[in-house]
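# Descriptive analysis of the structure
Below, each chain spelled out in residue letters.
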Amino acid sequence: MEKNKEIRVFAEEIRVEALKEFAHLGFGHVGGAMSIIETLAVLYGGEMRIDPKNPQWAERDKFVLSKGHAGPALYATLALKGYFPKEELLTLNQGGTILPSHCDRLKTPGVDMTTGSLGQGASTACGLALGDRMMGRDSRTYLMLGDGECNEGQVWEAAMFAAHYKLDNLTAFVDLNKQQLDGSTDDVMYMGDMVDKFKAFGWHVQKVDGHNVDAVKEAVEAAKAEKGKPSVIILDTVKGHGCLLAEGMFPCHHIAFTAEQIAPSIEHAEQVLAQARQA
Amino acid sequence: MSSYTVKSVFEKEQVEMRKVYCNTLMELAEHDPRICVLDADLVGSSGVKPFFKAYPDRAIDCGIQESNMIGVAAGMSAAGMVPFVHSFGPFATRRCLDQIFISAAYAKLNVRIIGSDPGVVAAYNGGTHMPFEDMGALMAVPEITLLEPTDSVQFEWLVRQLQNAYGVYYIRLYRKTAVGVFEPGSTFEMGKAALLRDGTDVCIAASGIMVAEALKAAQSLEAQGISAAVLNTFTWKPIDDEALRLYADKCGCFVTAENHNTVGGLGSAVAASLAKNHPVPVEMVGVHDQFGQVGTEAFLREAYNLTAAEIEAAAKRAIARKA
């Protein structure tokens with residue numbers, strides 16, 4: 001069997017399910033949900049120590065989706081892992097749902113931290129990593145930051161903090177999809193080189209193709225082996241990746257569409273999934 | 001159940017509140033590995049140096065990063081730790097309101113935030129460091145508990161309660177020596193006001209440094225034939241609706257006394273409760289929508305009318321307004 005085929009298939013399954021969530025609603029943060037899917041597949045497809053039947057297991061690895069608006073991608077991942085029935089996915093954002101637009105640890109089985117106010121997940125992830133270390137657990141905390149989110153000063157407070165306290169049980173990702181709500185990240189708020197920045201803050205830094213599961217998986221494993229400093233994996237991604245409609249729009253941070261407009265994108269994603277299964 | 005005894009003489013205590021903070025936490029930490037302390041480059045000011053020395057693995061100086069500190073504490077509590085976080089009042093509240101709201105309260109995590117040097121006791125640090133709005137800033141955070149301990153006895157009781165309480169708590173703390181009001185060993189109930197003296201003509205609801213002023217005012221009023229009850233409303237949220245209703249019924253009018261803006265403060269909380277449950281005249285002693293400034297504590301108390309004399313005058317105004 002081709003290396004990491006299962007993860008590749010898992011990623012395309014997540015994409016199809018996430019697109020169906022958005023399609024049912026008719027709008028959403030499609031772009032930034034699509035761009036993190038390969039990383040979610042790597043983490044929940046073997047790299048993270050989890051038990052979907054016991055979401056509160058203290059010894060589990062934790063995932064903080066600090067760019068909380070990408071929740072629908074995480075929800076698809078969790079449903080496919082069996083944290084809750086897949087049917088729930090179609091209740092996204094409906095009154096009384098367990099799947100709100102932004103992640104809520106109290107509502108969704110498997111969501112480890114409440115996020116939605118950008119920058120805050122960076123600090124809570126540091127707290128989880130530090131708390132687990134104080135409790136004597138060998139759990140890891142994974143943190144997903146958006147590139148636009150890195151405009152927030154709190155991200156850099158946390159970056160300084162994680163390095164100072166040598167949180168080597170923390171692996172962060174920056175989803176470098178180069179877009180934020182108002183346009184390209186370079187145009188809205190130029191942040192310079194993300195690799196240089198994190199290096200300057202004392203982190204172990206890798207940069208990989210965020211849509212290549214082999215590369216992401218290898219980087220996650222290299223980060224685990226790194227001792228004495230936190231790790232960050234800069235994910236070179238395309239906003240809206242794998243969703244034809246979103247990829248063709250700029251910016252595609254939050255888009256609205258009719259069922260007819262999104263249908264070809266779902267069809268395309270299903271074809272890619274079928275190809276991945278056959279590969 | 002509360003069981004407290006009020007002193008007969010009110011004098012400055014011997015022990016600083018911050019010493020009580022550190023000693024009590026060290027005692028709790030000895031038997032409870034979840035207890036941890038975070039500070040934002042104010043370890044020297046908050047008096048927790050001995051804790052940092054005794055428990056270096058559970059003591060975190062966050063540097064000058066209040067917002068990050070609140071988030072870290074929230075995350076640590078999600079991992080099972082019980083964090084006590086300190087900064088100066090303004091920075092522990094208004095600077096990180098969104099982190100307190102989302103990372104701690106909305107996420108229903110378990111964080112205790114200590115904000116020191118309330119109102120005029122910030123003295124020489126002046127308007128930038130003088131929170132007349134710390135409680136007010138947090139008043140609209142759902143489910144948060146807001147407390148202002150009166151003296152070292154009440155504060156020690158509170159720190160012990162917070163070991164096993166769950167939720168987000170903000171404690172407005174006078175770091176130095178308070179006026180002692182309660183006998184050692186007194187116990188209280190969060191959310192329940194403590195009755196310091198009974199009365200029938202007017203009820204004074206007081207908090208923090210204003211408790212001693214309220215007691216002085218009540219003594220002076222008694223000499224003039226006016227019977228004033230004094231309630232120590234050390235929990236501002238949830239306010240003790242029942243005690244307020246009871247004393248509105250008994251006394252027919254209220255005075256509130258706080259070292260804080262009456263807008264969004266104790267005055268507002270008491271007035272809202274009474275308006276809902278038992279409307280009576282309310283006179284508010286406190287800071288009336290003003291900023292802080294530099295000066296000695298004595299100068300500032302006079303400048304903002306945070307005095308027994310003002311409480312006494314307010315009591316007479318309230319009584320005169322009774323129908």
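Heads up: the structure comes first, above all this text.
Throughout, residues of each chain are indexed from 1 in the direction in which the sequence is written. Chain letters start at A and ligand numbers start at 1, both assigned in the order the entries are written. Note on the predicted model: pLDDT of at least 70 is required for a residue's local features to be given, and 80 or more for side-chain atom pairs to be given and counted; whole-chain, interface and lining totals, by contrast, use all residues. Water and hydrogen atoms play no part in the side-chain values, which are based on all heavy atoms of the structure.

## Quick look at the environment of Met-1 of chain B
Residues and elements named next belong to chain B. The following threshold applies: Helical segments are the DSSP runs of H or I of at least four residues, strand segments are the runs of E of at least two, and each set is numbered from the N terminus. Any two residues whose heavy atoms approach within 4.5 Å are treated as being in contact.
Its location among the elements puts Met-1 in the segment before helix H1 (17–31). Distance from Met-1 to Ala-105, taken between C-alpha atoms, is 27 Å for residues 104 residues apart in sequence. Once you skip the residues sitting within four places of it in the chain, Met-1 turns out to touch Thr-187, Phe-188 and Glu-189.

## A short note on the nonpolar core
In globular proteins that are soluble, nonpolar side chains generally tend to be buried together. Going by this rule: To qualify as a nonpolar core, a set must consist of buried Ala, Val, Leu, Ile, Met, Phe, Trp, Tyr and Cys residues joined through side-chain atoms within 4.5 Å. Classification of residues uses two cut-offs on accessible area relative to the type maximum, computed with a 1.4 Å probe and protein chains only: under 20% is buried, over 50% is exposed, and between them is partly exposed.
If you look at the biggest cluster of nonpolar residues, it comprises 81 residues, and the most contacted ones within it are Phe-198 and Trp-203 of chain A together with Leu-38 and Phe-254 of chain B. In terms of residue count, the dominant contributor to this core is helix H6 (residues 153–164) of chain A (7 residues). Residue contacts for Phe-198 of chain A: discarding those within four places in its chain leaves Leu-145, Trp-156, Ala-159, Val-174, Trp-203, Val-205, Val-232 and Ile-234 of chain A. One finds Val-37, Phe-155, Ala-218 and Val-255 of chain B within the second-largest nonpolar core, a separate group that totals 69 residues.

## Some points on the packing of helix H3 (residues 37–47) of chain A against helix H9 (residues 213–225) of chain A
Residue and element names in this part refer to chain A. The test is simple: Lines fitted to C-alpha atoms define the axes here, with helix axes fitted over just the stretch in contact, and angles between the N-to-C directions of these axes take values from 0 to 180 degrees. By the definition adopted for this analysis, an angle is roughly parallel if under 35 degrees, roughly antiparallel if over 145, roughly perpendicular if from 65 to 115, and oblique otherwise. A clockwise turn of the near helix away from the far one marks a right-handed crossing, whereas an anticlockwise turn of less than a right angle marks a left-handed crossing. For this classification, Asp, Glu, Lys and Arg are treated as charged, while Ala, Val, Leu, Ile, Met, Phe, Trp, Tyr, Cys and Pro are nonpolar and the rest, including Gly, are polar.
Where H3 meets H9, the axes come as close as 9 Å, and the angle between the chain directions of the two elements is 60 degrees. What the angle tells us is that H3 and H9 run oblique. The handedness of the crossing between H3 and H9 comes out as right-handed. Between H3 and H9, the contacting residues are Glu-38, Thr-39, Val-42, Leu-43 and Glu-47 on the first element and Val-213, Val-216, Lys-217, Val-220, Glu-221 and Lys-224 on the second. A per-class count over the contact of H3 with H9 returns 5 nonpolar, 1 polar and 5 charged.

## Observations concerning the interface of chain B and chain A
Short version of the rule: Buried area: the accessible surface (1.4 Å probe) lost by two parts on joining, summed over both. Polar contact is the term for a pair of N or O atoms within 3.5 Å; when the atoms are in protein, one must be able to donate a hydrogen and the other to accept it, and sequence-neighboring residues count only if both atoms are side-chain atoms.
Residue-level contacts link 27 residues of chain B with 24 residues of chain A. When the two sides are added together, the surface that chain B and chain A hide from each other amounts to roughly 2100 Å², 62% of it contributed by carbon and sulfur. For the chain B face of the interface with chain A, the top three residues by lost area are Gln-65, Asn-68 and Ala-79 of chain B, together amounting to 24%. At the boundary of chain B with chain A, the tally comes to 11 residue pairs in polar contact (both at pLDDT 80 or more). Every element with two or more residues in the side of chain B that touches chain A is listed here: strand S2 (59–61), helix H4 (66–78) and helix H6 (97–106) of chain B. In the side of chain B that touches chain A, the residues fall into 13 nonpolar, 8 polar and 6 charged.

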